[in-house]
Amino acid sequence: AAYRARFPGAEIGAPAAELASELGRQGLRDACDRVYRTGDPLRVTDLRLPEFGSPRERFADLTVVPQRGRNDEIVGLLIAVTDITEQAQARMAAERRAEQMVGSFRSLQDAVTAMQQALLPPVVPVLPGADIAAAYLVAAEDSVAGGDWFDAIPGPAGRVALVVGDVAGHGPHATAVMAQLRTATRMQLTVGAGIGETLRTVDLFAAEVAGAKLATLCIANLATSTGEFEYCTAGHPPPLVIHSDATSLYLEPTGAGPLGSGRGFATRTAHLAVDDVVLLYSDGILQRPARSPSAASVEVADVTARILAGQGFPAESAQPPVERLCSQAIQALVGRSGYSGDITLLAAQRRTPPRP
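Residues numbered from 1 in each chain as written. Predicted model: local features only at pLDDT ≥ 70, side-chain atom pairs only at ≥ 80, totals over all residues. Heavy atoms only, no water.

*Asks:* I keep staring at the sheet that holds strand S12 (residues 277-281) and nothing clicks. Help me out?
*Replies:* Strand-to-strand pairing in sheets goes through backbone hydrogen bonds, with the strands running parallel or antiparallel. Strand order across the open sheet formed by five strands is S4-S13-S12-S9-S10, with antiparallel pairing between neighbours. In this open sheet, the two edge strands, each paired with only one partner strand, are strand S4 (130-137) and strand S10 (248-250). Each neighbouring strand pair of the sheet contributes to a mean axis angle of 15°, computed without reference to strand direction. In this sheet, S10 lies alongside strand S9 (residues 240-242) in antiparallel orientation, the contact comprising three bridges. Directly across from Ile-242, in S10, lies its bridge partner Ser-248. On the sheet, helix H8 (residues 293-309) packs against S9, S10, S12 and strand S13 (343-350) and is oriented at approximately 30° with respect to S9. Here helix H9 (residues 321-337) sits on the sheet and contacts S4, S9, S12 and S13; the angle it forms with S13, its principal contact strand, is near 150°. (Pairing = 2+ DSSP bridges. Helix = DSSP H or I, 4+ residues; strand = E, 2+ residues; numbered from the N terminus. Axes fitted to C-alpha atoms, helices over the stretch in contact; angles between N-to-C directions. Contact = heavy atoms within 4.5 Å.)

Right, dumping it as structure tokens:
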């Protein structure tokens, strides 16, 4: 009855090759011959079978075992076919939906990353008294842009404001919060507000922005003519000063807290000599896999100092040292340990201004 239902109008005893010619193309006739010769059973899953007399396809699991006689000789084959068409079609539909979801997610990733790049400065300023460079690396864990940002804003009398900020999380919301905080910070610094005033104003603004609480910033103001360097570490890792003699030093944190912490925004002052480099960064460079924060801090200081001194790293004469520092530091540090969070670097090297 099953045979007649499956192959209506076919004769009992008709060769399988006549009923389903595609079986030969799928290699099943040869496979069945091997079972007959060797006695080794055969199981095939998700076999495509045409509907007899119809263009539709059906799916089945096929099991072939030898039929043995009294003396254990093989006298034939027993073939069991289990129709799994409904299960196979449901699985294929789920796979198609999954592929569509992956495509949609990748499109979202690309859109958010493009938005992040559009919101970051397209260039850094060119100044007579300092060389400035920056680098940004998107998080590896979910490969979607997040809340890191940097800025370099020229001021009067050869001054330049340097900013690196970090909003928790990744994705469109973190990027939107980052854009608002960066705009608020840049507006204050552009009109000449000091570091403390800028942070107090941005702190008030952040209280009205969902997701901005506990964002961290490091804001600095470098006077290129004198080397005076004022900075505030608002919950952020402190700047790293790298000297031309391959030594480096982390500046003292100022004790200021993240936005919304209520801890105030005290500043400190340091001095940069000509050719000294100051590096501002996000904590993604410290929070790398298989590295404790303290070990990563030591590694960052060591690698950046050796890059600036040209020790063990190729130096390109046409590339300013700060550009080489940013690009090679990321390559060296990430190449050793990998990374998970966003990484942002902003470096400034004090230079002797050229003659007017």
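*Asks:* Would you explain the pairing of strand S3 (residues 74-83) in this entry?
*Replies:* Taken residue by residue, a regular strand's side chains alternate between the two faces of the sheet. In the sheet, strand S2 (residues 57-68) pairs with S3 via nine bridges, with the strands oriented antiparallel. Bridge pairing links Pro-66 to Leu-77 in S3. The hairpin formed by S2 and S3 contains five residues between the paired strands, and Asp-72 there has a positive phi angle of roughly 70°.

*Asks:* Explain the environment of Leu-62 to me, please; I cannot follow it from the model alone.
*Replies:* Mapping Leu-62 onto the fold places it in strand S2. Residue class for Leu-62 comes out buried when judged on its relative accessible area of 7%. With 18 residues separating them in the primary sequence, Leu-62 and Ala-80 have C-alpha atoms 5.9 Å apart. Beyond its immediate sequence surroundings of up to four residues, Leu-62 is in contact with Leu-28, Leu-42, Arg-43, Val-44, Leu-47, Ile-79, Ala-80 and Val-81. (Buried < 20%, exposed > 50% of the residue type's maximum accessible area, 1.4 Å probe, protein only.)

*Asks:* Please clarify how the pairing of S12 should be interpreted in this entry.
*Replies:* Counted residue by residue, S12 has five buried out of five residues, so it is predominantly covered. In S12, alternate side chains face the same way, and those of Val-277, Leu-279 and Tyr-281 on one face and Val-278 and Leu-280 on the other are all buried. Inspection of the sheet shows S9 paired to S12 by three bridges, in the antiparallel sense. Its bridge partner being in S12, Leu-240 is matched across the sheet by Leu-279.

*Asks:* Looking at this structure, how should I read the packing of H8 against H9?
*Replies:* Helices that pack against each other are described as a pair by the angle of their axes relative to one another and the distance between those axes. Between H8 and H9, the least distance of the axes is 9 Å, while the angle of their chain directions is 135°. In this view, H8 runs oblique relative to H9, as classed from their interaxial angle. Considering the relative orientation of H8 and H9, their crossing is right-handed. Only Pro-321, Arg-324, Leu-325, Gln-328, Ala-329, Ala-332, Leu-333 and Arg-336 of H9 make contact with H8, whose side of the interface consists of Glu-299, Val-300, Val-303, Thr-304, Arg-306, Ile-307 and Leu-308. In terms of residue class, the contact of H8 with H9 is built from nine nonpolar, two polar and four charged. (Parallel < 35°, antiparallel > 145°, perpendicular 65-115°, else oblique. Left-handed = near helix turned anticlockwise from the far one by under 90°. Nonpolar A, V, L, I, M, F, W, Y, C, P; charged D, E, K, R; others polar.)

*Asks:* Looking at this structure, how should I read the nonpolar core?
*Replies:* The tendency in soluble globular proteins is for nonpolar side chains to be buried as a group. Ile-242 and Leu-345 are the most contacted members of the largest nonpolar core, which totals 29 residues. Elements that contribute at least two residues to this core include exactly S4, S9, S12, H8, H9 and S13. Per-element accounting of this core gives the leading share, eight residues, to H9. Within the second largest apolar cluster, 24 residues are counted, among which are Ile-153, Ala-161, Val-177 and Leu-259. (Core = buried A, V, L, I, M, F, W, Y, C linked by side-chain atoms within 4.5 Å.)

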